[in-house]
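Coordinate analysis (summary)
Residue strings, one per chain:
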Amino acid sequence: QVQLVESGGGLVQAGNSLTLSCAAFGLPFSSNFMAWFRQAPGKEREFVAGITWSGHGTYYQDSVKGRFTISRDNAKNTVYLQMTSLKPEDTAVYYCAAGPKTYSSNSDYYAKPDYHYWGQGTQVTVSS
């Protein structure tokens, strides 16, 4: 049984940093591309960042480029999202996801919420 468990969410002031973690259990190799999505109240879930199994391929939503960094430690079966210069607009529930994504030159490919597995979500609140 596949399980993704997020942690690290919390309340921070604008301009500060926060790092989220997602531990994966029982992930099949075919679904080893991992990503972070977020969902604010009243809004649709949106793609934030994604990463390949090797960690060398990373993809970001334009609004977080230069501020967020996705990484992974396969020895720990964990993916991270380092968030800096946080803004109130970043407030949302952040979800870890995994699926059978491969390299694509089309960024929309990674943004589609058709991942096979999802975590329960962790709340990130940024105060002004």
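Secondary structure assignment for the chain yields one helix and eleven strands. The order of α-helices and β-strands along the chain, N terminus first, is β-β-β-β-β-β-β-β-β-α-β-β. Taken over the C-alpha trace, the chain has a radius of gyration of 14 Å; the compact-globule value for 128 residues is 14 Å, and the two agree within 12%. Projected onto its principal axes, the C-alpha positions of the chain cover 40 × 30 × 30 Å. Out of the 128 residues belonging to the chain, those deemed buried represent 41%. Put simply, 56% of the contacts in the chain that link residues at least 6 apart link residues at least 24 apart.

Here the focus is unusual backbone geometry. Phi angles above zero are rare outside glycine, and Asn 77 is one such case at about 55 degrees. In this structure, Asn 77 sits in the loop between β7 (68-73) and β8 (78-83). One non-glycine residue, Ser 85, adopts positive backbone phi at about 50 degrees. Take Ser 85: it is sitting in the loop between β8 and β9 (92-99).

Next up on the list: the packing of aromatic side chains. Two measures describe an aromatic ring pair: the distance that separates the ring centres and the angle between the ring planes. If you walk through the whole model with that rule in mind, you get ten aromatic pairs. Plain terms: the ring middles of Phe 37 and Tyr 115 are 5.2 Å apart, the flat faces sit at 75 degrees to each other, and that makes the pair edge-to-face. In this pair, Phe 37 is assigned in strand β4 (residues 33-39) and Tyr 115 in the loop between α1 (108-111) and β10 (117-118), connecting sequence segments 78 residues apart. Classification of Phe 37 as buried rests on a relative accessible area of 0%.

Attention now moves to the pairing of β9. Within β9, seven of the eight residues are buried, which leaves it mostly tucked inside the rest of the structure. Across three bridges, β9 lies against strand β11 (residues 122-127) in antiparallel orientation. Each bridged residue has a counterpart across the sheet, and for Ala 92 the counterpart in β11 is Val 124. Two strands pair when backbone bridges link them, and β9 and β10 are joined in this way by two bridges, in the antiparallel orientation. When the sheet's bridge partners are listed, Ala 97 is paired in β10 with Trp 118.

Procedures and definitions
Residues numbered from 1 in each chain as written. Predicted model: local features only at pLDDT ≥ 70, side-chain atom pairs only at ≥ 80, totals over all residues. Heavy atoms only, no water. Helix = DSSP H or I, 4+ residues; strand = E, 2+ residues; numbered from the N terminus. Rg over C-alpha atoms; globule rule 2.2 N^0.38 Å. Buried < 20%, exposed > 50% of the residue type's maximum accessible area, 1.4 Å probe, protein only. Contact = heavy atoms within 4.5 Å. Phe/Tyr/Trp six-rings, centres within 6.5 Å; stacked < 30°, edge-to-face > 60°. Pairing = 2+ DSSP bridges.

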